[in-house]
Amino acid sequence: MHSKEKNEGIRNIAIIAHVDHGKTTLVDALFRRSGVFRSGQDVSDRVMDRLDLERERGITIAAKNCAVQWQGVKINIIDTPGHADFGGEVERAISMADGAVLLVDAAEGPLPQTRFVLSKALAAGLSLIVVVNKIDRQDARPAEVLNEVYDLLIDLDASEEQLEFPLVYAVGREGIVKRSLEDADGPVDLLLDMILEEIPAPRGDAGAPFRMLISDLGYSDYLGRLAIGKIYSGKARANDSLLCIGQSGEPLPLRVTRIQTYSGPWVRDADETSAGDILILAGIDNVHIGDTICTREAPAALKRITVDEPTVSMKFKNNTSPLAGTEGDIVQASKILERLKKETLQNVSMRVFESEDKDGFIVQGRGEFQMVILIETMRREGFEMCVGRPAVIFKNENGKKLEPVEHLFVDCLALYTGVVTEKLSRRKGRLVNMVNHESGRVRLEFSVPSRALIGYRDEFMTDTKGTGILNSYFSGYEEYRGDFSGRFTGSLVSDRAGTAVPYALFNLEPRGSLFVNPGDPVYEGMIVGEHNRENDLNVNPTKTKKLSNMRAVGKDENVVLTPVLPMTLERAVQFIREDELVEITPKSVRLRKADISAQRRRF
């Protein structure tokens, strides 16, 4: 057997950062410096955020790969999402990397999502380079942030080698990198050179039989299913006859029609590959993330990628409201199931199965935000459906009921600590730490059940007048902490079909806050507002003013309605109770009762 030698022509790095710390912008700077784009080429910002949703929200949802050439070495860059709900993406990405660039905002410091991704990278034994980014911010505090990075690494049991990380300071947007704050501004060459020096080259046995681990799946309209992963040994060529070893351990024969590798943000065909590189195989249908592809002569499986268990489930079903099919093209339950199954092929942390009552499908995932992104993507594709309230997944061990628990970080003005602590303790949260920097802002840490955070985010923003920051990461399962009420208000429910009328809405305003505007279609069982009291109230939003031939002494008042806050998907999903659904179409987000008949709901 050949010994595993290093492939010095390649480096594989993952970029780790919290949401909005500038990771995708830094990758843009590396592209520009390494000559990926020809001079004068029109390039949009944040090249790697290819999905519309990513560009709108300014976050990375799907881990994507790209590559740059520097001094004759190919650097494969794996862009990881900064949000814990997309943790399945993180675990896949790290399985392809040999080192990681940790990017931290010079003002905000390492935040909880950074912690989540970093813990995975340290557990995989990756070498680290730390980049303190956005040092040009007015509120930048690079020295304190560096101490926080050390504290975080010590807290995560980093090894001695990992603690002695190389460090650079950067302004990613301007493409500026320097070794110390006193140095003159320099180009990103410094970071690229550091990657070559500090990140180990991948080890792979070029002479051994071909083996690669599938870490990601893609889809091309021209080539079909794409399997992406890192080569552990050997070489592959197009039209090779290979085997795929899945979860069952049964080898299945397959033939690769095309081999591609990364070049910049694009892919290009490759005649031959080398061990340690990241490869895209086309023409393979039945493969899953974690499978091993190897030669027929030497079938041997690599260690599968393990992913944390899902913690949240949500019910999806076809739209059964009276307005079904009027705004979307795809309404059939079978098509919805087909689309959800397709999502599970690309997303390792999601699972789909039929509900017990055969009334819809249960989708399990890592968090409500991940679910909202899936729903938003589907509605943009023309789907129409109803979804239920997110529910946490409980476990039973030794006769005890266990529930998922989050470690929650709150950053707010000292003025609001009372209301935040009161609301969270009502939801079975426990205060575990409190830091007051005497700057007017306070950092609080709580241990809270995951179910307590469903629907709390909006309330938190209201309580802190929009100035608070809320972050959390999954910390494990604990014994069930007891019941609590999530929402203390009821719903205003329409008792008939028709069109909302200004006069009727004006008279409903004292009852609560409304969700519909004049002219909006309503139907029996549709929720048109939030009731001020705990009970539900059936109302008539279509009622018009009685006209008589007697003139009033005063002139008719022109009705002036309070502006209605547009209903967003996140707000809708967090607002509904167990007996309510969100109706989603490409054009509208409506709330409704699961049973729309007022007569049946009365009994």
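Our structure's up above, just so we're on the same page.
The rules behind each value
Residues numbered from 1 in each chain as written. Predicted model: local features only at pLDDT ≥ 70, side-chain atom pairs only at ≥ 80, totals over all residues. Heavy atoms only, no water. Helix = DSSP H or I, 4+ residues; strand = E, 2+ residues; numbered from the N terminus. Buried < 20%, exposed > 50% of the residue type's maximum accessible area, 1.4 Å probe, protein only. Contact = heavy atoms within 4.5 Å. Areas by Shrake-Rupley, 256 points an atom, 1.4 Å probe, with all protein chains shown as cover. Core = buried A, V, L, I, M, F, W, Y, C linked by side-chain atoms within 4.5 Å. Axes fitted to C-alpha atoms, helices over the stretch in contact; angles between N-to-C directions. Parallel < 35°, antiparallel > 145°, perpendicular 65-115°, else oblique. Left-handed = near helix turned anticlockwise from the far one by under 90°. Phe/Tyr/Trp six-rings, centres within 6.5 Å; stacked < 30°, edge-to-face > 60°. Lys NZ or Arg CZ within 6 Å of the ring centre and 35° of its normal. Salt bridge = Lys/Arg side-chain N within 4 Å of Asp/Glu carboxyl O. Polar contact = N/O pair within 3.5 Å; in protein donor to acceptor, adjacent residues only side chain to side chain. Disulfide = S-S within 2.5 Å. Pairing = 2+ DSSP bridges.

Trainee: Residues and numbers for the overall build of the protein, please.
Mentor: Across its full length, the protein holds 15 helices and 35 strands. The buried share among the 603 residues of the protein stands at 54%. By sequence separation, contacts in the protein at least 24 residues apart represent 72% of the contacts at least 6 residues apart. Approximately 27,800 Å² of the protein is accessible, and the part contributed by carbon and sulfur atoms is 48%.

Trainee: So, unusual backbone geometry: which residues are in play, and what are the values?
Mentor: Outside of glycine, negative phi angles account for most residues, and trans bonds account for most peptide bonds. The phi angle at aspartate 157 is positive, at roughly 60°, despite the residue not being glycine. For aspartate 157, a relative accessible area of 68% gives the class exposed. Backbone geometry places asparagine 398, a non-glycine residue, at a positive phi of 50°.

Trainee: An account of the nonpolar core is requested, with residue identities and associated values reported.
Mentor: Among the nonpolar cores identified, the biggest contains 41 residues, and Leu118, Val149, Leu153 and Phe165 are the most heavily contacted of them. Those residues in contact with leucine 153 that sit more than four places away from it in its chain are Leu118, Leu122, Leu128, Ala158, Gln162, Leu163 and Phe165.

Trainee: Let's hear about the packing of helix H10 (residues 417-426) against helix H12 (residues 456-463): which residues, and what values?
Mentor: The interhelical angle for the contact between H10 and H12, taken along N-to-C directions, is 160°, at an axis separation of 10 Å. Judged by the inter-axis angle, H10 sits roughly antiparallel to H12. Helix-helix and strand crossings are classified by hand; for H10 and H12 the assignment is right-handed. Contact residues: H10 offers Val419, Val420, Lys423 and Leu424, while H12 offers Tyr456, Glu459, Phe460 and Asp463.

Trainee: Please give an account of the packing of aromatic side chains that cites residues and values.
Mentor: Evaluated as defined, the whole model comprises 4 aromatic pairs. With centroids separated by 5.6 Å and ring planes inclined at 80°, the aromatic side chains of phenylalanine 394 and tyrosine 480 adopt a geometry described as edge-to-face. Within this pair, whereas phenylalanine 394 is found in the loop between strand E22 (391-392) and strand E23 (395-397), its partner tyrosine 480 is found in the loop between strand E27 (469-479) and strand E28 (491-494), the two being separated by 86 residues in sequence. A relative accessible area of 24% means that tyrosine 480 is categorised as partly exposed. Between the NZ or CZ atom of lysine 401 and the centre of the ring of phenylalanine 394, over which it lies, the distance is 4.4 Å. The positively charged end of lysine 401 is found above the aromatic ring belonging to tyrosine 480, 4.2 Å away from the centroid.

Trainee: Quick rundown of the pattern of salt bridges? Include the residues and the values.
Mentor: Should their charged atoms come close, side chains of opposite charge can pair. One pass over the structure, following the stated rule, counts 34 salt bridges. The residue lysine 230 makes a salt bridge to aspartate 98 at a minimum N-O spacing of 2.9 Å. Residue lysine 230 is located in strand E11 (residues 224-233), and its partner aspartate 98 is located in the loop between helix H3 (87-94) and strand E5 (99-105); the two are separated by 132 residues in the primary sequence. Just as lysine 230 is buried, aspartate 98 falls in that class too. Put simply, arginine 481 and glutamate 478 hold a salt bridge, and the shortest N to O gap is 3.0 Å. Take arginine 481: its relative accessible area is 12%, and that puts it in the buried class. Taken together, the salt bridges that share partners define one network made up of Asp536, Arg577, Asp579, Glu580 and Lys593.

Trainee: I'd like a description of the environment of aspartate 271, backed by residues and values.
Mentor: Along the chain, aspartate 271 turns up in the loop between strand E15 (266-269) and strand E16 (278-282). Taking the relative accessible area as the measure of exposure, aspartate 271 reaches 72% and is therefore exposed. Remark: the alpha-carbon pair of aspartate 271 and glutamine 260, spanning 11 residues in sequence, is separated by 8.3 Å. For aspartate 271, the contacting residues outside a window of four places in its chain are Ala236 and Arg237.

Trainee: An account of the environment of glutamate 478 is needed here, citing residue identities and associated values.
Mentor: Residue position: glutamate 478 is located in strand E27. Exposure remark for glutamate 478: the relative accessible area of 31% places this residue in the partly exposed category. Along the primary structure glutamate 478 and glutamate 403 are separated by 75 residues, whereas in three dimensions their C-alpha atoms are 5.6 Å apart.

Trainee: Please give an account of the side chain of lysine 317 that cites residues and values.
Mentor: Its place among the elements puts lysine 317 in strand E18 (residues 312-318). Here the side chain of lysine 317 touches aspartate 359 through a polar contact of 3.2 Å, side chain to side chain. Here lysine 317 is in contact with Ile336, Asp359, Gly360, Met385, Cys386 and Leu581, once residues within four sequence places are set aside.

Trainee: Describe the state of the cysteines, listing the residues and the values that go with them.
Mentor: Enumeration over the complete set of coordinates arrives at 0 disulfides. Sulfur of cysteine 244: no disulfide; nearest cysteine sulfur belongs to cysteine 294 and is 8.2 Å away. Looking at cysteine 244, the relative accessible area reads 2%, which means it is buried. With a relative accessible area of 0%, cysteine 294 lands in the buried category.

Trainee: Lay out the side chain of arginine 590 in plain terms, naming residues and giving numbers.
Mentor: Tracing the sequence through the fold places arginine 590 in strand E35 (residues 589-593). A polar atom in the side chain of arginine 590 sits 3.5 Å from the side chain of serine 588. Once residues within four sequence positions are removed from consideration, arginine 590 is found in contact with Leu323, Glu327, Pro521, Tyr523, Met526, Leu581, Val582, Glu583 and Thr585.

Trainee: Lay out the pairing of E5 in plain terms, naming residues and giving numbers.
Mentor: Working note: regular strand, side chains alternate between the two faces of the sheet. Counting buried residues in E5 gives 7 out of 7 residues, a clear majority hidden from the surface. Burial along E5 is two-sided: Gly99, Val101, Leu103 and Asp105 facing one way and Ala100, Leu102 and Val104 facing the other are all buried. Where strand E2 (residues 10-17) meets E5, 5 bridges bridge the pair, whose relative direction is parallel. When the sheet's bridge partners are listed, isoleucine 16 is paired in E5 with leucine 102.

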